Amino acid sequence: MYTYHLGQSLTLLEGAPTPGTAAVYLLSSKELDQNPQLPGLEGVLHHTPSARDARVCKAEVHRDCLSGTVVVPRRGREGDRVAFGYLLTQDRAVLCDDTGAAHAVLKRLGKEKRWRENSPGRFFCEFLEQLLVRDLHHLEELEDQLSQLEDGVLAGKLEGFNTVLSPLRKQILVWLRYYTQLDGVACELESNESGLFASEEQQMFHMLEKRLTRLRDEAQLLREYCLQVRELFQAELDIRQNRIMKILTIVTTVFLPLSLVAGWYGMNFTGMPELGWDYGYPAVIVGSVIVVLLTLWIMKKKKFW
């Protein structure tokens, strides 16, 4: 467990925080299950969700506090799901994390100096903003992958398309759902139904909500881009199939007269004078060649190929 003092900087404490000052507690799910006695959180700590049980991003309003969970689509260093449980009161903030990701964010926040005293609401808003620092860059990387996939389709490289697009589409959908849920959390914090936040903190949550809206729109555009690339792939596939059908149609059309000649002379009627003619076989060959050349000339003139 870690305890931080909320002042003009985020300071790690060795013991309990001074009464009347703002503080942040960082716990693991196992430590939270032991129901520790933390100063300033008497009677409300049980509202803190554990990171182990976090599934979605949500915010729940209670009489004297506000709690919820945050689930980030990223994975931790060991491949674990990055998820947090949180609790906010008038002068306390609690984070429950099992991956160490929250501790890394707190270290980054501790290096920043502020002009005014911090508060749980301001801290949690900055904590969420730290989670979004590299998100736009990540969305741009996904867009680059889609762009490369589109260029490959235009170049005729259709093999393995679905094996590449399907994971990308699922990943974009996960990020879109994440921004939608987190936007709902920011709106709930901005509404301030519990009365925990000052007007300045509400404005910060409003700016956070605007930023999440922009990120959600970017994710939505990527989702639509996926559909466009998919449609392009299907169009190229249809064109390739049409070319094959066109070749088969030309071959069938060219050799159809020859099939008629073969069927005609395959009847072997006794009254057919060509069967007894010495030049009948060469004449049929010459006639077949003339029919093929004439058919090809007509197709080329009509621009069938």
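Above this note sits the structure.
Residues numbered from 1 in each chain as written. Predicted model: local features only at pLDDT ≥ 70, side-chain atom pairs only at ≥ 80, totals over all residues. Heavy atoms only, no water.

Draft legend 1. Region of interest: the pattern of salt bridges. Throughout the structure, instances matching the rule amount to eight salt bridges. Here Glu200 ties to Arg122 by a salt bridge, and the two come within 2.6 Å at their closest N and O atoms. Residue Glu200 is located in helix α6 (residues 199-265), and its partner Arg122 is located in helix α3 (residues 120-131); the two are separated by 78 residues in the primary sequence. The class for Glu200 is partly exposed, based on a relative accessible area of 37%. Classification of Arg122 as buried rests on a relative accessible area of 12%. Here Asp183 ties to Arg216 by a salt bridge, and the two come within 3.5 Å at their closest N and O atoms. You can see Asp183 sitting in helix α5 (residues 161-191) and its partner Arg216 sitting in helix α6, a full 33 residues away along the chain. (Salt bridge = Lys/Arg side-chain N within 4 Å of Asp/Glu carboxyl O. Helix = DSSP H or I, 4+ residues; strand = E, 2+ residues; numbered from the N terminus. Buried < 20%, exposed > 50% of the residue type's maximum accessible area, 1.4 Å probe, protein only.)

Draft legend 2. Region of the structure containing the packing of α6 against helix α7 (residues 280-301). Axis separation between α6 and α7 bottoms out at 10 Å; the angle between their running directions is 155°. By the angle between their axes, α6 is roughly antiparallel relative to α7. Along this stretch, α6 crosses α7, giving a crossing that reads as right-handed. Across the interface between the two elements, Ile250, Thr253, Val254, Pro257, Leu258, Val261 and Tyr265 of α6 pack against Val284, Ser288, Val291, Val292, Thr295, Leu296 and Met299 of α7. (Axes fitted to C-alpha atoms, helices over the stretch in contact; angles between N-to-C directions. Parallel < 35°, antiparallel > 145°, perpendicular 65-115°, else oblique. Left-handed = near helix turned anticlockwise from the far one by under 90°. Contact = heavy atoms within 4.5 Å.)

Draft legend 3. Geometry of the sheet that holds strand β3 (residues 23-27). The seven strands lie next to each other as β2-β1-β3-β7-β6-β5-β4, forming an open sheet whose pairing is mixed. On the outer flanks of this sheet lie β2 (10-13) and β4 (58-61), each paired with one strand and no other. Shown here is a sheet whose adjacent strand axes are inclined to one another by a mean of 20°, direction ignored. Along the sheet face, helix α2 (residues 101-110) touches β1 (2-6), β2, β3, β6 (81-88) and β7 (92-97) and points at about 140° away from the line of β7. (Pairing = 2+ DSSP bridges.)

Draft legend 4. Region of interest: a nonpolar patch on the surface. A cluster of nonpolar residues, Leu260, Trp264, Met267 and Phe269, forms a patch on the protein surface that exposes about 470 Å² of accessible area. You can call Trp264 exposed: its relative accessible area is 52%. (Patch = residues over 30% accessible without salt bridge, like charges linked within 9 Å, V, L, I, M, F, W, Y side chains within 5 Å. Areas by Shrake-Rupley, 256 points an atom, 1.4 Å probe, with all protein chains shown as cover.)

Draft legend 5. Region of interest: the pairing of β3. Of all five residues in β3, five are buried, a share of seventy percent or more. Of the pairings in the sheet, the one linking β1 to β3 comprises four bridges and is antiparallel in character. Looking at β3, one finds that Tyr2 is bridged to Leu26. One ladder, built from five bridges, connects β3 with β7; its direction is parallel.

These values are about where atoms sit, not about what they do.
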